[in-house]
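# Secondary and tertiary structure notes
Below, each chain spelled out in residue letters.
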Amino acid sequence: MMPIWTKSGEKHAVTLLKVQDCHVLKYISKEDSDGKTAKLVVGGKNVSPFHKTEAEMEIFKEAGVPRKQKVTTFKVTDDAIIKPGTPLYAAHFRPGQFVDVTAKTIGKGFQGVMKRWGFKGQPASHGQTKTHRRPGAISTNKASKVYRGKKMPGKMGNIYRTSFGLKVWRVNTKYDIIYVNGSVPGHTNCLVKVKDTKLPTYKDCNKNPPFPTFFADGDEELPEDLYDEEVFQFTDPSVTYA
Amino acid sequence: CRRSDGEPAKFQPPPKPVIVDKQKQREERRFLSPEFIPPRGRTDPLKFYIERKDMIQRRKVFNIPEFYVGSILAVTTADPYADGKTNRFVGICIQRGGKGLGATFVLRNVIEEQGVEICYELYSPRIQEIKVLKLEKRLDDNLMYLRDALPEYSTFDVNMKPVSHLDYEEIPVNKLQVRMKPKPWSKRWERPKYNIKGIKFELPEKKMKEAQKWSQPWLEFDMLREYDTSKIEEKIWREVNKELKK
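Model, not experiment: these values are computed from the prediction.

When helices and strands are tallied, chain B shows 4 helices and 7 strands. The C-alpha radius of gyration of chain B comes to 25 Å, more than 25% above the 18 Å expected for a compact globule of 246 residues. Taking the principal axes of the C-alpha coordinates as reference, chain B spans close to 85 × 55 × 50 Å. When each of the 246 residues of chain B is scored for burial, the buried share is 36%. Long-range pairs, those at least 24 residues apart, make up 65% of the contacts in chain B with a sequence separation of at least 6. For chain B, the accessible area works out to roughly 16700 Å², and carbon and sulfur atoms hold 50% of it.

Spelled out as structure tokens, the structure:
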């Protein structure tokens, strides 16, 4: 995570996400996915092909792509279908867009009720016998049962969570890095899924994105760094208030 | 004048003057700002490389001088709520923290009998100028104990003239031993974990001995805590110098 400054001198914290060897693996049409939208299967980071069975390696063989560590599906409209085997780059996202980021949270193992659910526990002294971090009562007398989903100790973390509505401040096309506002679930160097926002407030902000995606054919020459309008670039002199 | 054996004295030309050029004699002093050194961890080195590129870019446009903890600096920042839109503060640097773009330094001064500490970010675009009024080092890396010292050790004249420092001279180390206010202090500075050499402790012997109870003599032999930065520093120093000279 890094600081980034706007032209008015305010500081924001930014997370760097690297787009590492992303390829489109498979296209599932509307009827096959038995829903209303078509799906595209996308794979992430490259890993060794030797530790998987032949059946699982089929998808990668058909697309002609080395084995990927993470494979996810994206729901896609019919006009945004991409041929399997095309690489995806960070320039698919432009500064000023808003994005949702999904990842598996840091696993904390088996945790008690105070850390996992934020219960208050019991006082440290004044006669408490062996009860300082326990949940206390778990149900009422009338119910005579414990409801499903009662908050109790258990394994915490290592589940998929999403942070919504994160702004993209900057995109580095040379190293395929997206600078995303705020924090993102997951530990450092973990694999992450980045989608356009589903929030209605930012519906109008994703204007003129590269559609269906950014193809590095050499037609369009992008500068190495793409900045949002409000971002302070280090080539400019210091900020002054007139 | 005749020599002792009676022969005329042979003309001895005067010895040639030996010009000692201190500038060339002294090796170029290698100073790398501490925020360039990446911390120990599992982050991708690419992240540090990209951060360094941004830092070098900022240094090309704005000059960040070399300074240490204990040197006196004058910083002017842009302030939307001040007259003339700029704010000048003079103080002694008591701490340099943070790595990469978020590196900070804390300046302390006593203005009208009120101690003031301001934490500035080195790479913030709001800073207009950083000037080193007096370049010197102290015996410690962290001068937080000045909060519990007598105020005279933290007062510096706001209109102080900059003390000139030649390029090739070594940085002077100020071996000042500071006198403290009576206890209680904000931290127990006599304990060995802070390892402070710049305080003149006027505590009784018994208290000093009691403080040694908290010493951890095995820490300096702990191999897992070792972080040898010499090679990393060399590489980064060469890279930074090459970029800045372009």
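Having seen the model, we can carry on.
All names here are of chain A. Spatially, 4 strands are ordered 5-4-3-6 in an open sheet, and the strand pairing comes out antiparallel. Each of the sheet's edge strands pairs with one partner strand only, and the pair in question is strand 5 (71-76) and strand 6 (87-88). Here 6 bridges tie strand 4 (residues 38-43) to strand 5, and the two strands are oriented antiparallel to one another. Pairing of Ala 38 across the sheet is with Val 76, part of strand 5. Seen against the sheet, helix 1 (residues 54-63) touches strand 3 (22-28) and strand 5 and runs at an angle of roughly 105° to strand 3.

It is worth spelling out the interface of chain A and chain B at this point. Taken together, the contact pairs 25 residues of chain A with 27 residues of chain B. Summed over both partners, the interface of chain A with chain B comes to about 2200 Å²; 63% of that surface belongs to carbon and sulfur atoms. If you sort the residues of chain A by the area they bury against chain B, Trp5(A), Phe234(A) and Tyr241(A) come out on top, with a joint share of 31%. Linking chain A with chain B are 3 salt bridges, by the criterion used here. Among the ionic pairs, Asp54(B) bridges to Arg170(A), the shortest N-O distance being 3.2 Å. Counting across the chain A and chain B interface gives 9 residue pairs in polar contact (both at pLDDT 80 or more). Those elements giving two or more residues to the side of chain A that touches chain B turn out to be strand 1 (2-5), strand 2 (11-18), strand 10 (160-172) and strand 11 (177-181) of chain A. Residue composition of the side of chain A that touches chain B, grouped by class: 14 nonpolar, 6 polar and 5 charged.

Cis geometry marks the peptide bond from Lys183(B) to Pro184(B); its omega dihedral reads 10°. Turning to its location among the elements, Pro184(B) is positioned in the loop between strand 7 (173-174) and helix 3 (205-211). The backbone of His126(A) shows a phi angle near 65°, a positive value even though the residue is not glycine. As for its position among the elements, His126(A) is in the loop between helix 2 (113-117) and strand 9 (154-156). Of note in the backbone geometry, Asn189(A) takes a positive phi value of approximately 60° without being a glycine. Its place among the elements puts Asn189(A) in the loop between strand 11 and strand 12 (192-196).

By the definition in use, this model includes 18 salt bridges over all chains. In this structure, Glu234(B) engages Arg238(B) in a salt bridge whose closest nitrogen and oxygen atoms are separated by 2.8 Å. Linking Glu234(B) with Arg238(B), this pair stays in helix 4 (residues 230-245), spanning 4 residues, or about one helical turn. Taking the relative accessible area as the measure of exposure, Glu234(B) reaches 32% and is therefore partly exposed. Taken together, the salt bridges that share partners define one network made up of Arg170(A), Asp225(A) and Asp54(B).

Moving on to the domain arrangement of chain A. Residue and element names in this part refer to chain A. For chain A, the assigned domains read domain 1 (1-19 + 90-123 + 158-235) and domain 2 (20-88). Between the C-alpha centres of domain 1 and domain 2 there is a distance of 22 Å. When domain 1 packs against domain 2, the two sides together hide about 1100 Å² of surface, and 69% of this comes from carbon and sulfur. For the domain 1 face of the interface with domain 2, the top three residues by lost area are Val 19, Leu 191 and Lys 193, together amounting to 44%. For the pair domain 1 and domain 2, the number of links is 0 salt bridges. Taken together, domain 1 and domain 2 are joined by 3 residue pairs in polar contact (both at pLDDT 80 or more). The dominant element in the side of domain 1 that touches domain 2, judged by the number of residues it contributes, is strand 12, at 3 residues.

Our focus in this paragraph is the packing of aromatic side chains. We describe a pair of aromatic rings using the distance from one ring centre to the other and the angle between the two ring planes. Across all of its chains, the model carries 11 aromatic pairs over all chains by this definition. Between Trp185(B) and Phe201(B), the aromatic rings sit 6.4 Å apart at their centres with planes inclined by 40°, giving tilted as the arrangement. One end of the pair, Trp185(B), is in the loop between strand 7 and helix 3; the other, Phe201(B), is in the loop between strand 7 and helix 3, and 16 residues separate them in sequence. One aromatic cluster in this structure is built from Trp5(A), Phe232(A) and Phe234(A).

Conventions adopted
Residues numbered from 1 in each chain as written. Chains lettered and ligands numbered in written order. Predicted model: local features only at pLDDT ≥ 70, side-chain atom pairs only at ≥ 80, totals over all residues. Heavy atoms only, no water. Helix = DSSP H or I, 4+ residues; strand = E, 2+ residues; numbered from the N terminus. Rg over C-alpha atoms; globule rule 2.2 N^0.38 Å. Buried < 20%, exposed > 50% of the residue type's maximum accessible area, 1.4 Å probe, protein only. Contact = heavy atoms within 4.5 Å. Areas by Shrake-Rupley, 256 points an atom, 1.4 Å probe, with all protein chains shown as cover. Pairing = 2+ DSSP bridges. Axes fitted to C-alpha atoms, helices over the stretch in contact; angles between N-to-C directions. Buried area = accessible area lost by both parts, 1.4 Å probe. Salt bridge = Lys/Arg side-chain N within 4 Å of Asp/Glu carboxyl O. Polar contact = N/O pair within 3.5 Å; in protein donor to acceptor, adjacent residues only side chain to side chain. Nonpolar A, V, L, I, M, F, W, Y, C, P; charged D, E, K, R; others polar. Domains from an automatic or database assignment. Phe/Tyr/Trp six-rings, centres within 6.5 Å; stacked < 30°, edge-to-face > 60°.

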